Amino acid sequence: MTESALWRGRNGEHYSDQIKRFVYQKQEGAFCGSLAHVLKPIPPKATVMGTSSPHQTGDLDSYEMLTRAPLYNLTCHFSDIPPNSPVRGAHRHISSPSLFCLAGKGWEWNDDETYLFESYDLLVVPPYTIHQHGGDRDIGCRIYVPQARTTDALGLMHREQIKFGEKPTFPDGTEPMYGEHGELVGYRLKKGVLGIEKDIEVRLGAEPNVEGAFQARRRMGPWAGLVENTYDRYLKLLHDEVDFCRKVTHAILYKDEPWERTQQGLLKWFVHPEISCAARRQWLYMQEIPPGSRSGKHLHMAEEQIFVLSGRGYDIHDGERWNWERGDLINIPPMTEHQHFSTDSENPTLLFCSMPSLNSDLGLGGIEQREAAPEYAESAP
Ligand SMILES: [Fe+2]
Ligand SMILES: [Fe+2]
C-alpha cells in the first residue's frame, strides 16, 4: 500500500486532516477501551539469539502500539537463561536497553567489558553497544526488559545482529544463509512473509553508515572550545554525551539504591534523572506493598507498565477493577486514576514499574496524588 493510499478514504476519497483526525481518534479510543489492563505474559521460546519472549505489548516499532494492551509507548519482553544453556547471541541497537534480573544471577558483556548481576539488579546498556548476556552455569537467570518505542518515533531503530546464539532457532518464514566455507552468515526472510514480494536478507555485522556515525562520535575527546552561542552548546553536547556514555555505570544494584517512604508507598528507584545511567527512555522503580495493604492513589499523564514480582491483588483504574497475581503485567493508560490493592495476607507485594521519561521533557511528567498510602498517612506528623 502506498503512503497516499493509507491516507485516503476506503474509496480513494480525499478528506481533510481535521476530519481524519477525529474519525481515527474516535476509532482508536473505542479500540483502546476494549483492550485488557492486566495480561498473562506470552512465554519465551527459542530464537536466533537464545530463549526470549515476543514483545508483550507489541514490538518496539510504533506500528505495533495498541496490540494487547492500551499502551502507546511501553512494551517489554523476557529472556530465559536456564542452567547450562547454550551461549546466547550478541546484537547492537541505538536504543539503550535496561535489563532487570528477575531470578538467578549472570553476566552481561557490553563491547569489551563484563558486568556481573544478581536477582533484582538492573543492567543499563548505553546506546549502540554490542550486548550479550549469560546466566550462572548452575542456577541460570531470568531477565525482564522494559522498553519504550521512543527510539522508533525518532527514526533511530537500527539493529544489527553481531553473533547468533550457539544453537539458533530460525523462525517460520525464514531460512539460514551460509557463506563459502559453510559458516552461518545471516538469514533470509522469505517472499510472502508479511506480504513482501522479494526475499529480504538479514546479514550478520554492522550497518556501515550507522557504525561510521557512532565511531566518529566515540573518537571525540572532551570539548576544548568556548561556548559562545547556542549552536556551540550542541557541539559541546555531543562531546559530553560521548564522555558520559564512556564513564557511566552499566549496573544499578538493588542493594545500592535506598527504599523511600513516599505518599505512593515504599519505592526504590532504579532509573530517574538523579541516578546517573544511560537509560533515558523510561523511569524505572520498584514498589513494595505490605500484606493486605494498598498503595496511594494517583494520576499522571504518562502511561505505566508494571510487572508483578510477587504477591497478588487488584488495581482500580478509573473505578474499574483489574485482578492480578505474580507474573502478570499491569498496563495503565495515560491520565488514568489508579491504585494497587494487595489481597495477599501473608506476603508483601513487589511491583516493578516503568513509565516513559519523555513525558517529563514535554512538561507532562508531574504526578497528582489523590490519596496517600496508609503507612505514609499513619506516619505523617
Ligand atoms: Fe538488545
Ligand atoms: Fe502510577
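Placed above this text is the structure.
Keep in mind that this is a model prediction, so the values were computed, not measured. (Residues numbered from 1 in each chain as written. Chains lettered and ligands numbered in written order. Predicted model: local features only at pLDDT ≥ 70, side-chain atom pairs only at ≥ 80, totals over all residues. Heavy atoms only, no water.)

Novice: Whenever I open this one, the coordination of the iron ion (ligand 1) confuses me. Can you help?
Specialist: Tetrahedral coordination by four donors places them ideally at 109.5 degrees to one another around the metal; octahedral coordination by six donors ideally gives 90 or 180 degrees. At this site the iron ion (ligand 1) is bound by His91 (NE2), His93 (NE2) and His131 (NE2), with donor distances of 2.1 to 2.2 Å. One chain supplies every donor for the iron ion (ligand 1), spaced along it as H-x1-H-x37-H. Of this pair, His93 sits in strand β5 (residues 90-93) while His131 sits in strand β9 (residues 131-135), placing them 38 residues apart in sequence. You'll find His93 and His131 in the same group, each marked buried. (Donors = N, O, S within 2.8 Å, 3.2 Å for Na, K, Ca; no water. Helix = DSSP H or I, 4+ residues; strand = E, 2+ residues; numbered from the N terminus. Buried < 20%, exposed > 50% of the residue type's maximum accessible area, 1.4 Å probe, protein only.)

Novice: Would you mind showing me how to read the coordination of the iron ion (ligand 2) here?
Specialist: Here the iron ion (ligand 2) is held by the protein donor atoms His298 (NE2), His300 (NE2), Glu304 (OE) and His338 (NE2), which lie 2.1 to 2.2 Å from it. Taken together, the four donor atoms coordinating the iron ion (ligand 2) span angles of 87 to 174° at the metal, a pattern that classifies the geometry as irregular. If you list the donors of the iron ion (ligand 2) from N- to C-terminus, the spacing comes out as H-x1-H-x3-E-x33-H. Placement of Glu304 in strand β20 (residues 304-310) and of His338 in strand β24 (residues 338-342) is noted, with a sequence separation of 34 residues between them. Overall, the relative accessible area of 0% leaves Glu304 in the buried class. Under the relative-accessibility criterion, His338 is labelled buried at 1%. (Tetrahedral: all angles 85-135°; square planar, octahedral: opposite > 155°, others 65-115°.)

Novice: Hey, could you run me through the layout of surface pockets in this one?
Specialist: Which parts of space are left empty comes out when a probe the size of a water molecule is rolled across the atoms. In this structure, the second largest pocket occupies an estimated 1200 Å³ of space. In terms of lining, the second largest pocket is formed by 32 residues, of which the most central are Pro126, Pro127, Arg217, Cys245 and Ala278. Within the residue set of the lining of the second largest pocket, elements represented by two or more residues are β7 (113-118), α3 (150-153), α4 (208-218), α5 (230-247) and α6 (358-361). Tallying contributions element by element places α5 first for the lining of the second largest pocket, with six residues. For the lining of the second largest pocket, the class distribution of residues is 14 nonpolar, eight polar and 10 charged. (1 Å grid on protein atoms, 1.4 Å probe; cavity = no way out; pocket = protein on both sides within 12 Å on 5 of 7 lines; lining within 4 Å. Points joined across faces, edges and corners; volume = space filled by probe spheres on them. Nonpolar A, V, L, I, M, F, W, Y, C, P; charged D, E, K, R; others polar.)

Novice: Is there a simple way to explain the pairing of β24 in this structure?
Specialist: Each regular strand carries side chains that alternate between the two faces of the sheet. The buried fraction of β24 amounts to five of the five residues, a majority that puts the element mostly inside the structure. Burial of the side chains of β24 extends over both faces: His338, His340 and Ser342 are buried on one face and Gln339 and Phe341 on the other. Pairing between strand β19 (residues 294-300) and β24: three bridges, direction antiparallel. Bridging from a neighbouring strand, His298 pairs with His338 of β24. Sheet topology note: the strand β21 (residues 312-317)/β24 ladder contains five bridges and is antiparallel. (Pairing = 2+ DSSP bridges.)

Novice: Can you help me understand the nonpolar core in this one?
Specialist: If you look at soluble globular proteins, the nonpolar side chains tend to sit buried side by side. Core analysis: the largest hydrophobic core is formed by 42 residues, its most contacted members being Phe100, Leu122, Tyr144, Phe270, Val271, Leu309 and Phe352. Not counting residues up to four positions away in its chain, the partners in contact with Leu122 are Ser98, Leu99, Phe100, His250, Ala251, Ile252, Phe270, Val271, Leu284 and Phe352. Counting residues in each nonpolar core, the second largest holds 10 residues, with Leu99, Tyr115, Phe117 and Cys141 among its members. (Core = buried A, V, L, I, M, F, W, Y, C linked by side-chain atoms within 4.5 Å. Contact = heavy atoms within 4.5 Å.)

Novice: What should I look at first to understand α5 in this one?
Specialist: One full turn of an α-helix is made of 3.6 residues, so residues set three or four places apart face in the same direction. Given a rise of 1.5 Å per residue, 18 residues ought to cover 26 Å, and the 26 Å separating the end C-alpha atoms of α5 matches this to within 8%. When α5 is considered as a whole, its buried residues turn out to be Asp232, His239 and Val242. Contact partners of the buried residues in α5: α4. Capping the start of α5, Asn229 holds a side-chain oxygen 3.1 Å from the backbone nitrogen of Tyr231, two or three residues further along. (Expected span 1.5 Å × (residues − 1). Polar contact = N/O pair within 3.5 Å; in protein donor to acceptor, adjacent residues only side chain to side chain.)

Novice: I would appreciate a short explanation of the environment of Arg246 in the present structure.
Specialist: With respect to the helices and strands, Arg246 occurs in helix α5. Given the relative accessible area of 47%, Arg246 is considered partly exposed. Among all residues touching Arg246, those that are not within four sequence positions of it are Arg218 and Met220. For Arg246, the side chain forms a polar contact with the main-chain oxygen of Arg218, separated by 3.2 Å. Within the structure, Arg246 has its side chain in polar contact with the backbone oxygen of Met220 (distance 3.1 Å).

Novice: I tried to follow the sheet that holds strand β17 (residues 265-271) on my own but got confused; where do I start?
Specialist: Sheet strands associate in pairs through backbone hydrogen bonding, adopting either a parallel or an antiparallel arrangement. Taken together, the seven strands give an open sheet; going across it, the order is β1-β23-β20-β25-β18-β17-β16, and neighbouring strands pair in antiparallel fashion. Each having just a single partner strand, β1 (38-39) and β16 (259-262) make up the two edges of the open sheet.

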